[in-house]
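Structural overview for review
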Amino acid sequence: MSKKIKTIGVLTSGGDAPGMNAAIRAVVRKALSNGVAVKGIKKGYLGLLNEEIFDMDVGSVSDIIQMGGTILGTARCTEFKNPEVQEKAARICAKHGMDGVIVIGGDGSYRGAQALSHHGVNTIGIPGTIDLDISGTEYTIGFDTAVNTAMQAIDRVRDTSSSHERCSIIEVMGRNAGYIALWCGIASGAEDILIPEKYDFHEQTLINNIINNRKRGKKHHIIINAEGIGHSTSMARRIEAATGVETRATILGYMQRGGSPTCKDRFYGSVMGAYASDILCGGATNRVVSMVDGRITDLDIEEALGRKKSISEYYFEVSKKLNYYEFPKKQNH
Ligand code: ADP
Ligand code: F6P
């Protein structure tokens, strides 16, 4: 029989993501409405080890749903991979009376949650990362805000790129995954999108595309380059030398992680937070909240991490087929 849950903890871990605050708010309020007490753990696993733990009430999460970042703070804590450190963390949870912990973060954070559950602390993961790179779920909190922020920034670069008749390489985040690049590349009508999952481009092809586009009267050429490929500045230098077209690199960086969350991130943050709280209060452990076939559900952590996540072939094909240079010069209607 599962143990009676009286008190749970909540932490955010890994890179922050817009919508994490909506998830924290939902976790806290749903637990309280289930008659379960909640403790906030600051700075992820690092704060857990340093016992930065405090009582939360309904007012602790007032006026945060619209805020970017995470009110709990976050950290990357490499020592948490050490089994002795994980055991110490489980003892700290027991010392503070926490029967379970909700971990909001990416797949690295899930592995920490998995370890805690093996040491007797009930854990539930909520997918929170701008990268959308967690297997077992179609959605991760923060992705929507990040791609909208990146798309707006790309539109701005495009204005100046057209005015100066330049080529622009814009590098977006995503660690080893190309979801951000693919989405905001398609959404901003980029001429070329480079993603690590499909590392199939030759620089000479890019060069030919730029030259062809220029011959057809296109004033700019936008290349979206994923962080997982990188080297945008040196690529720009080489492309300029080969094409004679002025080429600039813009690395969008951390601005993609900040800002007020979109409706979608607040909505799924709230729904996934409430769901996690309910199943943890009900005695579940070693589970993660996921979106599967558009529905919110939960999976075993092992199963979620073991599923294969891949870029949609169709989306990738679309990204290649809408470009100006794909078409013959005169179209018959
Ligand atoms: P994300 O959760 O966004 O993927 P990281 O990969 O940096 O970000 O992981 C966040 C934190 O989760 C790490 O700093 C570490 O504390 C913990 N973590 C990552 N991998 C493991 C692991 N294999 N075992 C235990 N804890 C881990
Ligand atoms: O996982 C989110 C993310 O922003 C990645 O896109 C990026 O590679 C990484 O975090 C950067 O991490 P840090 O904040 O540790 O520099």
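Nothing here was measured: the structure is a model prediction, and the numbers come from that model. (Residues numbered from 1 in each chain as written. Chains lettered and ligands numbered in written order. Predicted model: local features only at pLDDT ≥ 70, side-chain atom pairs only at ≥ 80, totals over all residues. Heavy atoms only, no water.)

Remarks on a nonpolar patch on the surface
A cluster of nonpolar side chains, Trp183, Ile186, Tyr314 and Tyr315, forms an exposed patch at the surface whose accessible area comes to about 440 Å². By the element assignment, Tyr314 lies in helix H11 (residues 313–321). We classify Tyr314 as exposed; its relative accessible area is 56%. (Patch = residues over 30% accessible without salt bridge, like charges linked within 9 Å, V, L, I, M, F, W, Y side chains within 5 Å. Areas by Shrake-Rupley, 256 points an atom, 1.4 Å probe, with all protein chains shown as cover. Salt bridge = Lys/Arg side-chain N within 4 Å of Asp/Glu carboxyl O. Helix = DSSP H or I, 4+ residues; strand = E, 2+ residues; numbered from the N terminus. Buried < 20%, exposed > 50% of the residue type's maximum accessible area, 1.4 Å probe, protein only.)

Topic: the site of ligand 2
Residues in close proximity to ligand 2 include Arg76, Thr129, Ile130, Asp131, Met173, Gly174, Arg175, Glu227, Tyr254 and Arg257, which together make up its full environment. Between ligand 2 and Arg76, the relevant distance is 2.9 Å, taken from an oxygen atom to a side-chain nitrogen or oxygen of the residue. Of the residues belonging to the shell around ligand 2, the class tally is three nonpolar, two polar and five charged. Each of domain 1 (7–142 + 261–306) and domain 2 (145–257) contributes no fewer than three residues to the shell around ligand 2. (Near = heavy atom within 4 Å. Polar contact = N/O pair within 3.5 Å; in protein donor to acceptor, adjacent residues only side chain to side chain. Nonpolar A, V, L, I, M, F, W, Y, C, P; charged D, E, K, R; others polar. Domains from an automatic or database assignment.)

A closer look at the environment of Glu203
Note that Glu203 resides in helix H7 (residues 203–215). With relative accessibility at 22%, the residue Glu203 sits in the partly exposed group. Sequence spacing of Glu203 and Ile239 is 36 residues, and the spatial spacing of their C-alpha atoms is 7.9 Å. Every residue in contact with Glu203, bar those within four places of it in the chain, is listed here: Met235, Arg238 and Ile239. (Contact = heavy atoms within 4.5 Å.)

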